[in-house]
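Read off the chains here:
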Amino acid sequence: MGRHFSTKLLSGLALATALTAAAIASPASAANLKMAWKQDATGLDPHKQPAFSSIRLLELIYEPLVRFDKSLTIVPAVAASWEFAPDAKQLTFKLNPAAKFQDGKPVTAADVKASFERVLDEKTAAVARANFLSIASIETPDDKTVVFKLSQPDVPLLAAMASINAAIVPAAEITAGTIGTKALGSGPFKLDKWEPNSKETLSANKDWAGGKVNIDGIDISVLPDETAILAALRTKQIDFALINDPLVATLVPKETSLILNRAPVLAYHVLQLNASRKPMDNLAVRQAISCAVDRQDVLDTASVGEGKVTGPLTMPGYTSDASTLFCYKKDLAKAKKLMADAGFANGFSATVIAANGEPATAAAEAQVLQSQLAEIGVKLNIKMMELNVYVDTWLKGDFDMAVALNGGRADPYPMYNRYWTKTGNLQKVAGYIDDTLDSLMQKGRVETDVAKRKVIFSDLEKHLVEVSPWVWLYTSYSYTAQQKTVSGFEPTPEGSLFGLTKVKLN
Amino acid sequence: MSYLARRLLTFPLVMLGVSILVFFAIRMIPGDAITAMLGTEAGLLTPAQRESLAAYFGIDQPILIQYWKWLIGVFQGNLGISVIHGKPVLSIILERFPLTLQLALMSMVVALAVGLPAGVFAATRNEKASDLIVRVLAMIGQSTPNFVVGLLIIYALSAGFGILPTMGEFTPFLTDPLRNLGQMILPAITLGFAFAASVTRISRSAMLDVLSDDYVRTARSKGVPKRSVIWRHALPNALIPVVTLSGVEFGYLLGGAVLVEQIYALPGLGRLVLEAILQRDYALVQGCVLFIAFNFLVVNLLVDLLYVTLDPRIRLGEGG
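Residues numbered from 1 in each chain as written. Chains lettered and ligands numbered in written order. Predicted model: local features only at pLDDT ≥ 70, side-chain atom pairs only at ≥ 80, totals over all residues. Heavy atoms only, no water.

### Thoughts on the overall build of chain A
Phase 1 of the analysis: Each helix and strand in chain A was counted, giving 16 helices and 19 strands.
Phase 2 of the analysis: The C-alpha atoms of chain A give 25 Å as radius of gyration, which agrees with the globular expectation for 506 residues (23 Å, within 12%).
Phase 3 of the analysis: Within chain A, counting contacts between residues at least 6 apart in sequence, those at least 24 apart form 69% of the total.
Phase 4 of the analysis: Of the roughly 19800 Å² of accessible surface on chain A, a fraction of 54% belongs to carbon and sulfur atoms.
Phase 5 of the analysis: One way to put it: in chain A the 54 positive side-chain charges average out to a point 3 Å from where the 54 negative ones average out. (Helix = DSSP H or I, 4+ residues; strand = E, 2+ residues; numbered from the N terminus. Rg over C-alpha atoms; globule rule 2.2 N^0.38 Å. Contact = heavy atoms within 4.5 Å. Areas by Shrake-Rupley, 256 points an atom, 1.4 Å probe, with all protein chains shown as cover. Lys, Arg positive; Asp, Glu negative; His and termini not counted. Charge placed at Lys NZ, Arg CZ, Asp CG, Glu CD.)

What follows is the structure, encoded as structure tokens:
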């Protein structure tokens, strides 16, 4: 009987081995990059999808007129060249004559015109519409020339066009009403198959005007757990992956066969104070909170030091030395004095909202801030919310304080006009405005001289930090992890995956 | 009226209650399909843009009218269209269901294959060292969350042995059975783990009860061999609580195993519902919940019918 049992055991083991071997054999073609991410795109209409998770897919398929390179310089995409009129009221583009949609039809001025008219049409509900309101008319003198006539000088317009939310789509598809159900762009990859929240298959676009892509395609799997993504990298099931959680990212370099790519991003972690509510309407209280916060400690504790303390301006060319900003060195004595001056020597209670897992560090940030602010008597109650509930609450401005990760832009104006102008769409969320902020923003919008713009926005930054409507904390990194056999990927401050066009599989 | 007919008649009522509950509950959660798609950028929409999107998502009309339209659709066999998938809800559910069913069956097999013998074994060695070991193991098994088990298995296999089932690309059983089983065995073990522990505990205590019954003592005194007493005389009567437990558990499992599907990236019903809720894909949430509720009703009915088979003394629907 003992022998019988061991025979059974052996055959059982053999079956298990066979099953595992069958499971790990991989059928995909050799030249496809196998990739994984945690969060899938939520839709295919480039004009309606602002979420990072969607943009990362769509920017492989669609192209805007211009795009940012890794140093955030504007470089050609569908447009080959462009020129602002000296008064900044006219912007002319010459399109790349080689630019073609993935069905082989050339990209024409009519497509550009139709795309922007679609974005501007309120019925489309295009998310970037607010950035293009200065466009008064669009002229197409020939097939490859587009002229945007503006109602007022608008220097940041060009940077706003370098977004997949202003992608050029075929005019014929707009007429047919198929944008969003069919992905047909002029970008480096074609979308062959999409199963939402499960996987997508992309193949290289041989006719792409931007050059030759070195891989045949990309197979993307949605693996909702980042520990599982790391395991899949470890066992070489995938070549390349996007990582959100800094804790998981720091584990990648421990594997000898893997490389971690890190790039500082423009998005910033911030503690928003709602200055339209008491007692945050009191300048001294807000300043006290700013002085009581040890930003480096928040970064070290909540995000294992993965990031950099920042002021409001996070984009290269505009950032300043954060340590020179008001109260960027924790000053408890000053904070306590400010609280006492404001009549809150004994502190007060407030609720801070934060979204579950968005960012991954949100809860930890709230906890560190809670303990830091307790030192000046501010008792913070943390309210964690599901992301969508949080967004709803945040948009209504229905909070005392909010831990947030807000998106950045390559230019300060489109990044902050929604918050710090009197007509900003998110004024209610910002909770604070004054004349200085509004006038500096308007000056920055029309100034064409780069050096002068920098001075204007540097003044804006200093003023913002001093009046402390929010407490800017730190910027983090975007992470991608790859096998050592993958080379050529260049990360960007936008967290873009466009660098996959240069990737080689060895 | 027969028991079966009466039970079947309650189905539509229960389903109607479920439909009302899910329809209004999902809409009561703050945030809607628009904020789910646009996030904080939704704040940049003009009122006209918002209206246009609301019409697109079908949330522009008063809620009662929305419900009425949806209910009429359901009666016509149309559960609506998922805005995320751009496909009919029913076809998405039917695509995902085979995986969920298979996972439920496999984890059930794992649980019963381990739990039942362990429970019987422990009962026959009541209060001995081996009984104690089984009970401690069962306690540990029951109190370890399945996502911990799943993550540990994944970590141990990938870090220790450099192997892992293919994730992210699921192979249906009929396409390639071997590959499919390779993908499903670990999730089934993960799910079956805690369930096996419950089966062990409940079959042990049921066995102990039965073993002290008169008829078992009679059988023993008649000289029936010990094995036969346990497996032929005692076990069938000890099975009723196990069947109840398994039925309830199986009903739950048919609703999808969210955490295990997340960890192993399996495209099952659990993940489908979770994603539909997070993205406020109302039609999909409603369709899934209705489908899951229906399965639960069917499984419960089958369990009741199974009682009669196991114990002919039970008469369904008579008396209290």
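### Side note on the domain arrangement of chain B
Residue and element names in this part refer to chain B.
Phase 1 of the analysis: Structurally, chain B comprises domain 1 (2–75) and domain 2 (96–316).
Phase 2 of the analysis: Each partner contributes to the interface: domain 1 provides 22 residues, whereas domain 2 provides 18 residues.
Phase 3 of the analysis: Taken over both partners, the interface formed by domain 1 and domain 2 buries close to 1900 Å², and the fraction arising from carbon and sulfur atoms is 78%.
Phase 4 of the analysis: Considering only the side of domain 1, the residues that lose the most area to domain 2 are F11, M15 and I26, jointly responsible for 30% of the buried surface there.
Phase 5 of the analysis: One can count one salt bridge joining domain 1 with domain 2.
Phase 6 of the analysis: Between D304 and R7 there is a salt bridge, and its shortest N-O distance comes to 2.4 Å. (Domains from an automatic or database assignment. Buried area = accessible area lost by both parts, 1.4 Å probe. Salt bridge = Lys/Arg side-chain N within 4 Å of Asp/Glu carboxyl O.)

### Concerning the nonpolar core
Phase 1 of the analysis: In terms of nonpolar packing, the biggest core is built from 217 residues, with L65, F116, F148, M161, M401 and W420 of chain A touching the most fellow members.
Phase 2 of the analysis: If you tally residues by element for this core, the top one is helix α13 (residues 282–310) of chain B, at 14 residues.
Phase 3 of the analysis: When residues are assigned to domains, this core turns out to be shared by domain 1 (2–75) and domain 2 (96–316) of chain B, each giving three or more.
Phase 4 of the analysis: Those residues in contact with W420 of chain A that sit more than four places away from it in its chain are A430, Y432, I433, L437, D438, M441, L464, P469, W470 and W472 of chain A.
Phase 5 of the analysis: Core analysis: the next-biggest nonpolar cluster, separate from the first, contains 35 residues, L33, W37, W208 and F240 of chain A among them. (Core = buried A, V, L, I, M, F, W, Y, C linked by side-chain atoms within 4.5 Å. Buried < 20%, exposed > 50% of the residue type's maximum accessible area, 1.4 Å probe, protein only.)

### Let's talk about the packing of helix α8 (residues 177–211) of chain B against helix α10 (residues 226–253) of chain B
All names here are of chain B.
Phase 1 of the analysis: It is the contact of α8 with α10, at a shortest axis distance of 9 Å, that shows an interaxial angle of 145°. Regarding α8 and α10, the two cross each other, and that crossing is right-handed. Listed contacts from α10 to L191, F195, S198, V199, I202, S203, A206, M207, V210 and L211 of α8 are I230, A234, L235, N237, A238, P241, V242, L245, S246, E249 and L253.
Phase 2 of the analysis: Of the residues contributing to the contact of α8 with α10, the split by class is 16 nonpolar, four polar and one charged. (Axes fitted to C-alpha atoms, helices over the stretch in contact; angles between N-to-C directions. Left-handed = near helix turned anticlockwise from the far one by under 90°. Nonpolar A, V, L, I, M, F, W, Y, C, P; charged D, E, K, R; others polar.)

### A look at the pattern of salt bridges
Residues and elements named next belong to chain A.
Phase 1 of the analysis: What the rule picks out here adds up to 29 salt bridges over all chains.
Phase 2 of the analysis: A salt bridge links R118 to D45; the nearest nitrogen and oxygen atoms lie 2.7 Å apart. Of the two residues, R118 is situated in helix α3 (residues 109–120) and D45 in the loop between β1 (32–37) and α2 (52–61); the sequence distance between them amounts to 73 residues. There is no split in this pair, since R118 and D45 are both buried.
Phase 3 of the analysis: In this structure, R234 and E255 form a salt bridge, with 2.9 Å as the shortest nitrogen-oxygen distance. Highlighted residues: R234 in helix α6 (residues 226–234) and E255 in the loop between α7 (246–249) and β12 (258–273), separated in sequence by 21 residues.
Phase 4 of the analysis: R234 gets classed as buried once you look at its relative accessible area, which sits at 14%.

### Focus: the interface of chain A and chain B
Phase 1 of the analysis: Counting from both sides, the interface comprises 46 residues of chain A and, opposite them, 50 residues of chain B.
Phase 2 of the analysis: Around 4300 Å² of area is buried between chain A and chain B when both sides are counted, 60% of it from carbon and sulfur atoms.
Phase 3 of the analysis: Across the chain A-chain B interface, the total number found is three salt bridges.
Phase 4 of the analysis: E41 of chain B is the salt-bridge partner of R418 of chain A, the closest N and O atoms lying 2.8 Å from each other.
Phase 5 of the analysis: Where chain A packs against chain B, one counts twelve residue pairs in polar contact (both at pLDDT 80 or more).
Phase 6 of the analysis: At the level of elements, α1 (2–24), β10 (217–222), α6 and α12 (387–395) of chain A are the ones that each hand at least two residues to the side of chain A that touches chain B.
Phase 7 of the analysis: When residues in the side of chain A that touches chain B are grouped by element, the largest group, six residues, is from α12 of chain A.
Phase 8 of the analysis: Classifying every residue of the side of chain A that touches chain B gives 23 nonpolar, twelve polar and eleven charged. (Polar contact = N/O pair within 3.5 Å; in protein donor to acceptor, adjacent residues only side chain to side chain.)

### Here's the deal with a positive patch on the surface
Residues and elements named next belong to chain B.
Phase 1 of the analysis: A cluster of like positive charges, contributed by R125, K128, R220 and K226, occupies part of the molecular surface.
Phase 2 of the analysis: Position of R220 among the secondary structure elements: in helix α9 (residues 214–221).
Phase 3 of the analysis: R220 sits in the partly exposed class, given a relative accessible area of 40%. (Patch = residues over 30% accessible without salt bridge, like charges linked within 9 Å, V, L, I, M, F, W, Y side chains within 5 Å.)

### Re the packing of aromatic side chains
Phase 1 of the analysis: According to the stated counting rule, one finds 27 aromatic pairs over all chains in the structure shown.
Phase 2 of the analysis: Seen in terms of ring centroids, F23 of chain B and F24 of chain B are 5.4 Å apart; in terms of plane orientation they differ by 65°. Their pairing is edge-to-face.
Phase 3 of the analysis: By relative accessible area, F24 of chain B is classed as partly exposed at 22%.
Phase 4 of the analysis: Clustering of aromatic rings is evident, with ring pairs tying together Y268, W394, Y416, Y419, W420, W470 and W472 of chain A.
Phase 5 of the analysis: For K48 of chain A, the ring lying beneath its charged end belongs to Y56 of chain B, and the centroid distance is 4.9 Å.
Phase 6 of the analysis: Sitting over the face of the ring of Y282 of chain B, R27 of chain B holds its NZ or CZ atom 4.5 Å from the ring centroid. (Phe/Tyr/Trp six-rings, centres within 6.5 Å; stacked < 30°, edge-to-face > 60°. Lys NZ or Arg CZ within 6 Å of the ring centre and 35° of its normal.)

### Considering helix α6 (residues 129–143) of chain B
Residue and element names in this part refer to chain B.
Phase 1 of the analysis: With 15 residues, α6 ought to run about 21 Å at 1.5 Å a step, and its terminal C-alpha atoms sit 21 Å apart, in line with that.
Phase 2 of the analysis: Residues of α6 that are buried include every one of D131, V134, A138 and G141, and no others. With its buried residues spanning 90° around the axis, α6 presents them on a single face. In this structure, α6 carries A129, I133 and S143 as exposed residues pointing more than 90 degrees from its buried face.
Phase 3 of the analysis: Where the residues of α6 are buried, they touch α5 (89–124) and α8. (Expected span 1.5 Å × (residues − 1). Arc of directions from axis to C-beta.)

### Some details on the environment of D192 of chain A
Residue and element names in this part refer to chain A.
Phase 1 of the analysis: Tracing the backbone shows D192 in strand β8 (residues 189–195).
Phase 2 of the analysis: Distance from D192 to L72, taken between C-alpha atoms, is 30 Å for residues 120 residues apart in sequence.
Phase 3 of the analysis: If we skip the residues at most four places from it in the chain, D192 touches T201, L202 and S203.
Phase 4 of the analysis: Of the polar contacts made by the side chain of D192, one reaches the side chain of S203; its length is 3.0 Å.

### Topic: α12 of chain A
All names here are of chain A.
Phase 1 of the analysis: Counting buried positions over the nine residues of α12 gives eight, a clear majority of the element.
Phase 2 of the analysis: Those residues of α12 that sit buried are N388, V389, Y390, V391, D392, T393, W394 and L395.
Phase 3 of the analysis: Remark: G397 follows α12 within two positions and exhibits a positive phi of approximately 65°.

### Comments concerning the state of the cysteines
All names here are of chain A.
Phase 1 of the analysis: Across all of its chains, the model carries one disulfide over all chains by this definition.
Phase 2 of the analysis: Between the sulfur atoms of C291 and its disulfide partner C327 the distance amounts to 1.9 Å. Across the disulfide from C291 to C327, rotation about the S-S bond amounts to roughly 95°, and the bridge is consequently right-handed. Within this pair, whereas C291 is found in helix α8 (residues 283–292), its partner C327 is found in the loop between β13 (308–309) and α10 (332–341), the two being separated by 36 residues in sequence.
Phase 3 of the analysis: Judged by its relative accessible area of 0%, C291 is buried. (Disulfide = S-S within 2.5 Å.)

### What about the sheet that holds strand β6 (residues 135–142) of chain A?
All names here are of chain A.
Phase 1 of the analysis: If you trace the four strands from one edge of the open sheet to the other, you get β4-β5-β7-β6, paired in antiparallel fashion. At either end of the open sheet lies a strand with only one pairing partner, and these are β4 (79–84) and β6. Strand-to-strand, the axes of this sheet are offset by a mean angle of 20°, without reference to chain direction.
Phase 2 of the analysis: Where β6 lies against strand β7 (residues 145–150), five bridges are found, and the strand directions are antiparallel. Each residue of the ladder has a partner; that of I135, found in β7, is L150.
Phase 3 of the analysis: Where α3 meets the sheet, its contacts fall on β5 (90–95), β6 and β7, and the angle it forms with β6 comes to roughly 165°. (Pairing = 2+ DSSP bridges.)

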